[in-house]
Amino acid sequence: MTTPFIDAFLAADAGRPFAGIRKDAQDILAAFLESAARKPGDLDPASVEAALRSVIPRMKKQRLADAPPLFSSFIAFAGEKAGLKEAGPLAEEARMRAGELAKEDEKKRQPVKLEGPATGRNDPCTCGSGKKYKKCCGT
């Protein structure tokens, strides 16, 4: 659920770099505020950390690179428009932490590679039935 504050951010100069991903940015920021359980003017380091840990693993892989500047710009905008105290240092901390979490998450999303040779169609089945793979589990 998007809020008027999120729409104002995306319409402002601070949100212009994210115009190409507007719908995703709305969803990401709405989830961020929901996870933080705070209004934009009430964000604090603990709520930002909790929200980042909740939102980043749920983001699309293509949007992970957008996470640090998106959250940083949003928090800085909250400082200007919603009276968030200490917005500058909090925005910078969010940028660094979002980058770290995005890198960790991208590593977790790497495909799993199986070790060892692949089973051929005429090899014995790996289930132990004694049949050829193609007549047993290879169908």
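Okay, so let's go over this structure.

What counts, and at which threshold
- Residues numbered from 1 in each chain as written.
- Predicted model: local features only at pLDDT ≥ 70, side-chain atom pairs only at ≥ 80, totals over all residues.
- Heavy atoms only, no water.
- Helix = DSSP H or I, 4+ residues; strand = E, 2+ residues; numbered from the N terminus.
- Rg over C-alpha atoms; globule rule 2.2 N^0.38 Å.
- Buried < 20%, exposed > 50% of the residue type's maximum accessible area, 1.4 Å probe, protein only.
- Contact = heavy atoms within 4.5 Å.
- Areas by Shrake-Rupley, 256 points an atom, 1.4 Å probe, with all protein chains shown as cover.
- Lys, Arg positive; Asp, Glu negative; His and termini not counted.
- Charge placed at Lys NZ, Arg CZ, Asp CG, Glu CD.
- Core = buried A, V, L, I, M, F, W, Y, C linked by side-chain atoms within 4.5 Å.
- Expected span 1.5 Å × (residues − 1).
- Polar contact = N/O pair within 3.5 Å; in protein donor to acceptor, adjacent residues only side chain to side chain.
- Salt bridge = Lys/Arg side-chain N within 4 Å of Asp/Glu carboxyl O.

## Concerning the overall build of the protein chain
Helix and strand content of the protein chain: 5 helices and 0 strands. Its helices and strands taken in sequence order, the protein chain reads α-α-α-α-α from the N to the C terminus. Relative to the globule expectation of 14 Å for 139 residues, the C-alpha radius of gyration of the protein chain, 22 Å, shows a markedly less compact shape. In the protein chain, which comprises 139 residues, the proportion classed as buried is 37%. Taking contacts inside the protein chain between residues at least 6 apart in sequence as the whole, the part at least 24 apart equals 56%. Carbon together with sulfur atoms contributes 53% to the accessible area of the protein chain, which is approximately 8700 Å² in total. Between the centroid of the 24 positive side chains of the protein chain and the centroid of its 19 negative side chains there is a distance of 11 Å.

## Focus: the nonpolar core
Membership of the largest hydrophobic core comes to 38 residues, with the highest contact counts inside it found for Phe32, Leu52, Ile56, Phe71 and Ile75. Of all elements in the fold, only helix H1 (4–11), helix H2 (22–36), helix H3 (45–55), helix H4 (67–81) and helix H5 (87–108) reach the threshold of two or more residues within this core. For this core, the element with the most residues is H2, which contributes 8 residues. Among all residues touching Ile56, those that are not within four sequence positions of it are Leu64, Ala67, Phe71, Ala98, Leu101, Ala102, Asp105 and Arg109.

## Observations regarding H4
Over its 15 residues, H4 runs 21 Å from end to end, which matches the ideal 21 Å to within 8%, given 1.5 Å per residue. Within H4, burial applies to Ala67, Pro68, Leu70, Phe71, Ser72, Ser73, Phe74, Ile75, Phe77 and Ala78. Along its buried surface, H4 packs onto H1, H2, H3 and H5. Positive backbone phi, approximately 75 degrees, marks Gly83, located one or two places after H4.

## Regarding the side chain of Ser72
Tracing the backbone through its elements, the reader meets Ser72 in helix H4. On the basis of relative accessibility, which here comes to 6%, the residue Ser72 falls in the buried class. A polar atom in the side chain of Ser72 sits 3.4 Å from the backbone oxygen of Ala91. In this view, Ser72 contacts Ala91 and Arg95; residues no more than four positions away in its chain are not counted.

## So, the pattern of salt bridges
Following the criterion strictly, the structure yields 10 salt bridges and no others. Salt-bridge contacts for Arg16 lead to Asp13; the nearest nitrogen and oxygen are separated by 2.1 Å. Residue classification places Arg16 among the exposed residues on the basis of a relative accessible area of 51%. Between Arg63 and Asp24 there is a salt bridge; the shortest N-O distance is 2.9 Å. With Arg63 in the loop between H3 and H4 and Asp24 in helix H2, this residue pair connects regions lying 39 residues apart in the sequence. Salt bridges sharing partners connect three or more residues here, namely Asp24, Lys60, Arg63 and Asp66.

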